[in-house]
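# What the coordinates show
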Amino acid sequence: LAVHNLSSNGLIARTSSGNVSARTITAGNGISVTNGDGVSGNPTIAQSTKYASAFANAETFSLTASVVKKFDIYSTHVSSGITVDLTDNWLEISETGVYEVTITGQFESNDGTGNYYFGIYKYNGSESGVDAGVTLKNPVGYVPFAYTSMHTFISGDNVYAGLYCSTGETDDTVHNYRINMKRIY
């Protein structure tokens, strides 16, 4: 009789002896729900994913001491919910949340001297370092680097990987650079 007297749509939950109530599955932080009340079919629950992946084959550049060099991005592999800006070479955040950022590549120093610092940066009116990642001291030959970090970014943040050196250097090269970003929650 309690089900018969229920006047609202939704999934039915027994709330006490002889009583029921309609319930709806609702979205949470990082979770999306389709048809939460079950009226149009089975509810679908999924992670609401925001992600981007961009890369560059190789870039040769000169560094000014203690000035951040933003890596160029030449191509976008995938993107959903994060805009890849190939002009400014950054990933544009449209929704506040916790994101995982990974940078990878190979570094080749022209002369094998200097301390190099790879990190994650953001720009939202002014530049700021998010996290220092990999430090290379006097690298020789091709040196692979990989770094992953999680941070909270807000809508309007523009995220990118950068490199700076303790000394001025010329003709250094980054090969197979990639930046991947995905929203965790």
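Shown above is the structure to which this text applies.
Residues numbered from 1 in each chain as written. Predicted model: local features only at pLDDT ≥ 70, side-chain atom pairs only at ≥ 80, totals over all residues. Heavy atoms only, no water.

### Some remarks on the pattern of salt bridges
Two side chains carrying opposite charge are able to pair once their charged atoms lie near each other. As enumerated under the stated definition, the model contains 6 salt bridges in all. For the salt bridge of Glu95 with Lys50, the shortest nitrogen-to-oxygen distance reads 3.4 Å. In this pair, Glu95 is assigned in the loop between strand S9 (90-93) and strand S10 (97-108) and Lys50 in the loop between strand S4 (44-47) and strand S5 (51-63), connecting sequence segments 45 residues apart. A relative accessible area of 30% places Glu95 in the partly exposed class. The shortest N-O distance in the salt bridge between Arg183 and Glu95 comes to 2.2 Å. Placement of the pair is Arg183 in strand S15 (residues 169-183) and Glu95 in the loop between S9 and S10, with a sequence separation of 88 residues. By sharing partners, the salt bridges in this structure join Lys50, Glu95 and Arg183 into a single network. (Salt bridge = Lys/Arg side-chain N within 4 Å of Asp/Glu carboxyl O. Helix = DSSP H or I, 4+ residues; strand = E, 2+ residues; numbered from the N terminus. Buried < 20%, exposed > 50% of the residue type's maximum accessible area, 1.4 Å probe, protein only.)

All we've got here are geometric facts, nothing functional implied.
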